[in-house]
Amino acid sequence: MSNIYEERVTMIAAGDLQEFVPFGRDHCKHHPNALNLQLRQLQPASELWSSDGAAGLVGSLQEVTIHEKHKESWQLRKGISDVGEEVDYDEELYVAGNMVIWSKGSKSQASAVYKAFTVDSPVLQALWCDFSVPQDKSEKTGDSNEVVEKCICILQSSCINIHSIEGKDYIASLPFQVANVWPTKYGLLFERSSSSHDVPLNPTREPLPTLFSMLHPLDEITPMVCKSGGLFGSARVQYVADYSMRIVFLNAEPSIVMTYDSTQCLHAIWALRRVKTEEQSAVLKLSEQVGTPQHAATSSSFTVQLRSLSKGDSPVGSPFQNYSSIHSQSRSASSPSIHSRSPSISNMAALSRSHSPALGVHSFSGVQRFNFSSHTQSPKRHSICQSPNSTSTDSIFTPETELIVPELCIDHLWTEALTNTREKNSQASKVFITTDLCGQRFLCYLVESQLQLRCVKFQESNDMSQLIFGSVTNIQAKDAAPVDSIDTMLVLEGNGNLVLYTGVVRVGKVFIPGFPAPSLSLSISNQMPCPSTPLDNINTPSKPLNKHLGPFDEQGLLSPVPELRDSSKLQDSSYIDDCTFQQLATFIHSVRDPVQNRVTLDLSNGSMVRITIPEIATSELVKRCLQGIKYILPKEVAVQMLVRWYNAYNAPGGPSYYSEWNLFVTCLMNMMGYNTDRVAWTQNLDFEGSLSPVIAPKKARPSETGSDEDWEYLLNSDYHKNVESHPLAKALQLDPLEIKFPKDNLSPSHSLDSSTLLFPHIPTIFCVLHLIYEELKLNCLMGEGIRSLVVLLVQLARDLKLEAYLDYYCRDYPVLVKTSRQTCIIDPAQTGFMHHPSFFSAEPPSIFQWLSSCLKGEHVPPYPYLPGICERSKLLVLSVVLYIFGDERAVSNEASNYLTKITSGQRKQQIEQEEYGCSSRHSASTSSLAEKLVVWMTNVGFTLRDLESLPFGVALPIRDAIYHCRQQPASDWPEAVCLLIGRQDLSKQAREGNLPKCKASDTQVLSSDVPSTADSEEEDDGMNDMNQEVMSLIWSEDLRVQEVRRLLQSAHPVRVNVVQMPEVSDHEYIEEKENRLLQLCQRTMALPLGRGMFTLFSYHPVPTEPLPIPKLNLTGRAPPRNTTVDLNSGNIDVPPNMACWANFHNGVAAGLKIAPASQIDSAWIVYNKPKNAELANEYAGFLMALGLNGHLTKLATLNIHDYLTKGHEMTSIGLLLGVSAAKLGTMDMSITRLLSIHIPALLPPTSTELDVPHNVQVAAVIGIGLVYQGTAHRHTAEVLLSEIGRPPGPEMEYCTDRESYSLAAGLALGMVCLGHGSNLIGMSDLNVPEQLYQYMVGGHRRFQAGMHREKHKSPSYQIKEGDTINVDVTCPGATLALAMIYLKTNNRSIADWLRAPDTMYLLDFVKPEFLLLRTLARCLILWDDILPSSKWIDSNVPQIVRENSVSLHATEMPSSEDLNLETLAQAHVYITAGACLSLGFRFAGSENLAAFNCLYTFAKDFMKCLSSATASIAGHYNLETCLSVVLLSLAMVMAGSGNLKVLQLCRFMHKKTGGEMNYGFHMAHHMALGLLFLGGGRYSLSTSNSSIAALLCALYPHFPVHSTDNRYHLQALRHLYVLAAEPRLLVPMDVDTDTPCYALLEVTYKGTQWYEETTEELMAPTLLPELHLLKQIRVKGPRYWELLIDLSKGSYHLKSILSKDGVLYVKLRAGQLSYKEDPMGWRSLLAQTVTHRNADARAFKPEAISAFTSDPALLSFADYFCKPAANMGQKLEVFDLFSSILYECVTQENPEMLPAYIAIDQAVRRLERREMSETFDLWQIKLVLEFFNSRSHQERVRKNPHRGLFMNSEFLPVMKCSIDNALDQWLQAGGDVCLHSYLSGQPTDESQLRMLACFLVYHSVPTPGQLLAGGLEGSTNFSELLLKFKPLKLPVRALLRLAPLLLGNPQSMVL
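Residues numbered from 1 in each chain as written. Predicted model: local features only at pLDDT ≥ 70, side-chain atom pairs only at ≥ 80, totals over all residues. Heavy atoms only, no water.

**Focus: the overall build of the chain**
What counts, and what does not: The secondary structure listing takes helices from DSSP runs of H or I that are at least 4 residues long and strands from runs of E that are at least 2 residues long, numbered from the N terminus. Exposure classes here rest on a 1.4 Å probe applied to the protein chains alone. A residue is buried below 20% of its type maximum, exposed above 50%, and partly exposed in between. Using a 1.4 Å probe, the Shrake-Rupley method yields the accessible areas, and only the shown protein chains count as cover for residues.
Tallying secondary structure elements over the chain gives 69 helices and 46 strands in all. Burial statistics for the chain: of 1951 residues in total, 57% are counted as buried. Summed over its atoms, the accessible surface of the chain is roughly 83,100 Å², and 54% of this surface lies on carbon and sulfur atoms.

**Brief notes about the environment of K78**
Tracing the chain through its elements places K78 in strand β3 (residues 72-78). Through-space distance from the C-alpha of K78 to that of K104 is 9.5 Å; in sequence the pair is 26 residues apart.

**Re the environment of I468**
With respect to the secondary-structure elements, I468 resides in strand β24 (residues 467-476). Looking at I468, the relative accessible area reads 43%, which means it is partly exposed. For the pair formed by I468 and L413, sequence separation is 55 residues and the distance between their alpha carbons is 7.5 Å.

**Observations regarding the sheet that holds strand β10 (residues 169-173)**
Cut-off, in case you're wondering: Between any two strands, at least two bridges found by DSSP are needed for them to pair. Only the stretch in contact is used when a helix axis is fitted, and all axes are lines through C-alpha atoms; the angle between N-to-C directions ranges over 0 to 180 degrees.
Across the sheet, four strands lie side by side as β7-β8-β9-β10; this open sheet has antiparallel pairing. Among the strands making up the open sheet, the edge pair consists of β7 (125-134) and β10. Strand after strand, the sheet turns through a mean of 30 degrees between neighbouring axes, direction not considered.

**Regarding the pattern of salt bridges**
Side-chain pairs of opposite charge can arise whenever the charged atoms involved come near each other. This is how it is decided: Salt bridge, as used here: a side-chain nitrogen of Lys or Arg that lies within 4 Å of a carboxyl oxygen of Asp or Glu.
Under the criterion given, the structure shown has 53 salt bridges. Here the residues in one salt-bridge network are E1642, E1657, R1674, K1676 and E1682, joined through shared partners.

**Topic: helix α40 (residues 1229-1236)**
So the rule is basically this: Contacts are assigned to residue pairs with any non-hydrogen atoms lying within 4.5 Å of each other.
Every buried residue of α40 is listed here: I1231, T1232, L1234, L1235 and S1236. Residues of α40 that are buried in the fold lie against α38 (1197-1205), α39 (1209-1222) and α41 (1254-1267).

**Describing a nonpolar patch on the surface**
Where we set the bar: To count toward a patch, a residue needs a relative accessible area over 30% and no salt bridge; like charges are then connected within 9 Å, while nonpolar side chains (Val, Leu, Ile, Met, Phe, Trp, Tyr) are connected within 5 Å.
Taken together, the side chains of Y1401, L1402 and F1405 make up a nonpolar region of the molecular surface, amounting to roughly 370 Å² of accessible area. In this structure, L1402 sits in helix α47 (residues 1400-1403).

**Thoughts on the confidence of the model for the chain**
Basically, it comes down to this: As a per-residue quantity, pLDDT reports the predictor's confidence and falls between 0 and 100.
The predicted model of the chain averages 77 in pLDDT, with 73% of residues at 70 or higher. Note on residues 1-9: pLDDT is under 50 here. Beyond four places in sequence and across chains, it has 13 contacts.

**Some points on helix α57 (residues 1585-1594)**
Burial within α57 is extensive, with eight of its 10 residues counted as buried. Listed in full, the buried residues belonging to α57 are S1587, I1588, A1589, A1590, L1591, L1592, C1593 and A1594.

**Quick notes on the side chain of N1387**
Basically, it comes down to this: By the criterion applied in these results, polar contacts are pairs of N or O atoms within 3.5 Å in which, for protein atoms, one can donate a hydrogen and the other can accept it, and in which residues neighboring in sequence qualify only through two side-chain atoms.
With respect to the secondary-structure elements, N1387 resides in the loop between α45 (1367-1381) and α46 (1388-1393). Of the polar contacts made by the side chain of N1387, one reaches the backbone nitrogen of I1390; its length is 3.3 Å. Sequence-distant contacts of N1387, that is, excluding residues within four places in its chain, are made with S1318, Y1382, I1421 and L1422.

**What to know about the sheet that holds strand β41 (residues 1639-1645)**
Judged by pairing direction, the sheet is antiparallel, and its four strands sit side by side in the order β42-β41-β44-β45 without closing on themselves. Whereas interior strands pair on both sides, the edge strands pair on one side only; in this sheet they are β42 (1654-1660) and β45 (1683-1686). Geometrically, the sheet is characterised by an average inter-axis angle of 20 degrees between neighbouring strands, direction not taken into account. In this structure, strand β44 (residues 1670-1675) lies alongside β45, joined through four bridges in antiparallel fashion.

**Regarding unusual backbone geometry**
Cis geometry marks the peptide bond from E253 to P254; its omega dihedral reads -5 degrees. Relative to the assigned elements, P254 resides in the loop between β17 (245-251) and β18 (256-261). Put simply, P1119 and P1120 share a cis peptide bond, and its omega is 0 degrees. By the element assignment, P1120 lies in the loop between β35 (1116-1118) and β36 (1123-1125). Of note, N1137 is a non-glycine position whose phi angle comes to about 50 degrees, a positive value. On the secondary structure map, N1137 appears in the loop between β36 and α35 (1140-1152). Even without being a glycine, A1272 presents a positive backbone phi close to 55 degrees. Within the secondary structure, A1272 is located in the loop between α41 and α42 (1274-1284). With a relative accessible area of 16%, A1272 lands in the buried category.

**With respect to the pairing of β18**
Summarising burial for β18: six of the six residues are buried, a large majority. Burial along β18 is two-sided: I256, M258 and Y260 and V257, T259 and D261, pointing in opposite directions, are all buried. In terms of strand pairing, β17 meets β18 through six bridges, oriented antiparallel. Across the sheet, residue M245 finds its bridge partner in β18, namely D261. Taking the residues that link successive antiparallel strands as the turn, the β17-β18 hairpin has four residues. Inspection of the sheet shows β18 paired to strand β19 (residues 266-274) by six bridges, in the antiparallel sense. Bridging from a neighbouring strand, I256 pairs with A271 of β19. Between the antiparallel neighbours β18 and β19 lie four residues, among them C265 with a positive phi of about 55 degrees.

Written out as structure tokens, the structure is:
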């Protein structure tokens, strides 16, 4: 640096002086804690404690007694917000005693405690750490997609507590004493403390690792490995076991560690990374080392040593060997194992506490330190075991010795050079990374004993793979701290000065206001309050981060004055003698806690001050210019330039914000060699505040009276120019005051000083500033800055004699440019010194010109841009190329055709991979250019706000693309894209898609929100959490939902209406009433099943409250007096345990309300357990329900075990079924074990016979089927196959309810082999189908194979079955198993086995109800043959039955001798019912109309038949069964739709109570009702294989006779329908009002063999058809914005929408009303205008706009600008114009074009008044016109003619005409003369400059220089001109206007 500069150096003013007290200290005093008493006396002893946790302090300061003092420490960091936006506050972590306090706060915002933690023992250290949790569980996937858990870690002596901000808490116990914890990028790093006094120095002691890592609080603590270069260049991997190596610094980004070797006194730097697998295996070399005898000896003795340790024996010597084989001994040597926290922890603890090896035995310097041959056993060893080799070596393979796999590795990067004078205590006390102003990075470490700050420069290698460390620079310093936000660091020099450095360049001293300058400070009395501190407080180390101090030099500690032990601090040491401690001034003795640009100064009197280091620049413009200049200059020059600017800008009492630019200009020009006092315009730049001496010496003040110069100064000032161009001045018609330039200023007297810093770089800087000028033009908000910048550019262009540039600026800002005329001479001799950069172009690069050529389709040269500075230019160039040229390569990466990147000559060209990339990270489907453009722009981070600040002409192509995308977006675009195209509906959808659905939507509980006294009893019927809002949209015309609720409620007493006949006594009457109640209770007990279906998944429970289960009310009320009727009165016999299963179902129904997405954990499930035993059945049901909705997987295994050991039958059933349903098809081993215990057949034959209740066995068998569903697992299938025919045992076991067990085994077998048909791999020897056929039709029992044959040797003593199969038991299971195995396979041969018999003889052999199952099974196998017609149903009935049986309508009985009519009639009804049921399965959830009609007629027929005379033939019971089956089939087809006709049938059946109607029929009818309203209309049934299996279990067509009947089918299985339910309701949600609404959907079906591809329209909210049938779904216009969900690419997106309550966000288009408000569409805005039939826009009343848009901006625009007042006069036409513009914008759906319309209009008006002072808007209009004329746009218009911006209006042509007229009038009114003189290069009339510039810009007239070059002199006629102008690309219409001038005949100009 030049000496002149050094002399004039000034101080830098620091801002915002505040006294600093850690917030936590104050909070601690009030914290409810035992420490309060100690803390009250706590004096500020902050300098005692290091910032990072006072870790090993007690150990190192044993001489100093500080135990009575209370320790405190704190650290600060930059605030991190949860969401990720920029926040500016400090976070403080304060530690005192057992407390840690985390607070947040800043200057502007008071500090507040965020969290406070209190732990059990004193806190050694507290720190922040981010753990990264890999999402996919695959090992070693790198950083694929990790979720970062932000945590706070609190270290105590024996454990570490970790609290994440999500609220998870972990405690990890520490297997050793920890000296220090460090947060890394990956997790925590522990340093093991090595206390040297534990074990005497012993060379044969095995070294244990010293560094350990923990990657997640739940992971093991594992040792670290290091990789260092060996002797022969081969890298060696070994554990870090060097006790002399301490970590002094660890950084996350870049991930490096700095260590200090205390034996060699050297610092080293290592890269920290995850370990590679080959390195793990290198360290864990186990097998090779076991083989050799010497290692066998070692390892065994080591194991013995460990064992002895655990016994408390202390070995003195131990064999010693290379550490890399430590793993061959035992894992307990280093830390507990990976898999289990085993007993070895205690060994480890013992090992580390009492037997730590000595300090500094080994370090890493090579192999020779390891002695391989010293296997001398100490005598002590022999006393333990006689010979080391005799110990068995297989202890290595015992499970105790599991290995610990290291996780992290350090690579050596750099070690500091050896110095001659190695100080013993040169460990760095503070280390940090800092960046200088040019981006070079330094690692700085402070060696305190030498008062040196050493800075190591480092950078990334070219391939970005590693860091390269460079030169070291030493700076004398007592302390230092980085100032990150402005790339500098603060250094405290030895003499107490604070100095700012950037990198290693000194910037200047820091002046702290209100704080004396250090050199003067000794004489001034103390300004800070200084408590009289006793001296012993001070005699302690005073540096932050001092973790490992060695012993102190004594003089230092005894010195009476703190920290004055080195004489450089006080020049005059004699001064100390006569100065008492109290009078000594405060000075700074350390700096700490740097955050952003704030830092704390620790003062000598114990108080602290926080100061702010000022920014480099605050104004956007200056920042940009500095950035550009810094980028382009050589680094050394750039740093000096920035340093000077920084000093000038931040001098004490520096300039205010407004004059920052003026100061910058002056500073810059001075550095270029200008004398700013002599240049007219810089002379008058207004500095508010004093001029700093760096800039210019103070001017001599003129006399007070004033002078002419003052007047000139005013005229020259910016203020005057602004006033002159102010509209008011025009209105008042003030004459512009021209300054009369003093003569001396016009004389070109001033020449530049070529010796200055920036003189050689003037052209370079000019170029960069010009590009910044172009960049700023692309931001409407920077207009002020552009005007300031252009003045500087004009000056430089004039001095560099660049005519083309001058002309260019003149066209841009005619008014600004004319004002300054002064040139400064650059000595021609000196121009040689200037570097003319390679990118300098004679023609000024102009972004508007470039875009304009692009739009015209001309060939364009690449546009120059500065990376990182002109980002907007780059973005626009590429987007226009993509959209107009259609060149997609532009945005992939080869942008070089259109852009040239400018780099400084000195810098090597780095090939940066620009991060554009249409390689979009998401697989968004893009097809058209518009879509590509929009997706690409969001990928590079372009947002709506950026778009709004673009000038309207430039933004037009982007707006056009957005407009096209908005019309037809893809449904899978990410949120950012949807926001950019203004589709809030889509962006909200995308946002919701990323969030897990955790809370109930606010609309959930509408009905129960209104508490009223009348309804208080009704609260608990279990149905009040339904989403009323959606249901009222689905069923808006009637009250069917309330009706269903009334039918299904079971919580209120029923009405028992019995009329007392005269002859009935009172007692008999009471019995009659109770009998009637018993009948009604059969119905009440069946209701919960249906209620569970109705309320399925409708509720999100509150985790703090138990789930309310409504009571099952079995009492009645008898009118007229409403007396209570009770079954418990003892008057009649009531079956025992009658309500058991009803309560179970009630519990299931309550549990099924819980939605699968709810937040539920194990504790909540247990918390719901009822206290009294009567409710156990309900809880059992509740558990089953939790399994069905998937929450039971969260229940801890321990709790499952608890429930099962209770031995409560119901609980076991519910739990087993629930767990199995939750693990559907997973083959989960633990669940299999659980189920097998309950199935004797799956236990080994020798096992104890467990007494498992029969129903539990049934549940377990079905459970096996669920867990193994679809897996075709051979063993399971084999066991289940034999279980179908399990014979009754000899001791009456397996004799009751055999049917249900056999059925369960059959169903389970069917599930295991579900749909596998004939390709059952590896099961051909089991002959599954044949065996099943035999079970179905009977025959000889086969010999029982397998393990269990012993059990079945002796037959049952009670049941005499002989050796034939009991078909009555086995048939149903076998039939359904066949149906499920061959489901949908269309296998004819198997189907024929199931055909109904067609002779009377055979019919007699089959139970009629088995015919139902056979027909059902046959139809399910021939899935594709099922047709929804009664003809098809009849075709299933054999001919003999059809011809002879009674038709369902017949009245009289036919007579026949040889036919059993009863059999035929029963066969007929059952076969019909079976066919109907199969129809129900085939069309489940499809709402197929044909199927519905067909089934409905059959249901009606059966009902007629029941009431006809012929009913007795078939039997009432059979007809009821069949009717129930048909009703269920109807409900399946119409599932979730709430069809009214089916509801009427169900209600009719509900009212039938008495007679044949038993519990089972009621159950069937109410299940039908529940299915009809499944999940409140949100769910429907699926027809997947898995669903059909579940439905077969649930709807098995044999219903229980009474409420405890489980003989044929276990009642609990009825609830498995849940597995077949899937959410299919799509609810359109208006994005603006957040309420559900109606919207029209168009659903397209894929073509199938039955129908072509078809579309149908549905009015949503509606149930969608099954998704695999669909091709796409569209939300149709015209009311809502269109939206396409394409299912051909996969239905994942739609599935996620449906699972989140089916909410699909839609957005109303402008001018439309919702279907609710306007059902026919007659009130919309467009409809109104059509009816008026007049083109006049006045038909549009601005008041009406509120109906069409909710945008507040548009509403207020209509209010203020479109409502004419009474006395408007000529302004009326403006209002009309605005109204029509507004109308057009709203109806065309592009309100964002409103500003552009108005800007165009205003610009044209200004032009007509000839008041254009800048041609900016004219350029924009030109670009708009060119865009609409561009070829690509014309093609788009041809494709869809009616859509686009500005399209259907006359607005643009009118504006174009107005501009043409205005310019032509100017030409005629004398403008031609002015134009002529311009073209011939003569000076022009200043008053005409504005219009001239407009003309030149609008008509693209070339510069005079270009015209001369074109040789246009001798042209005589127009055609010649045309030819010559061709290369200049001048439009013909412009040439027409120029021709008369160019042909030399200005008079004859005719237009």
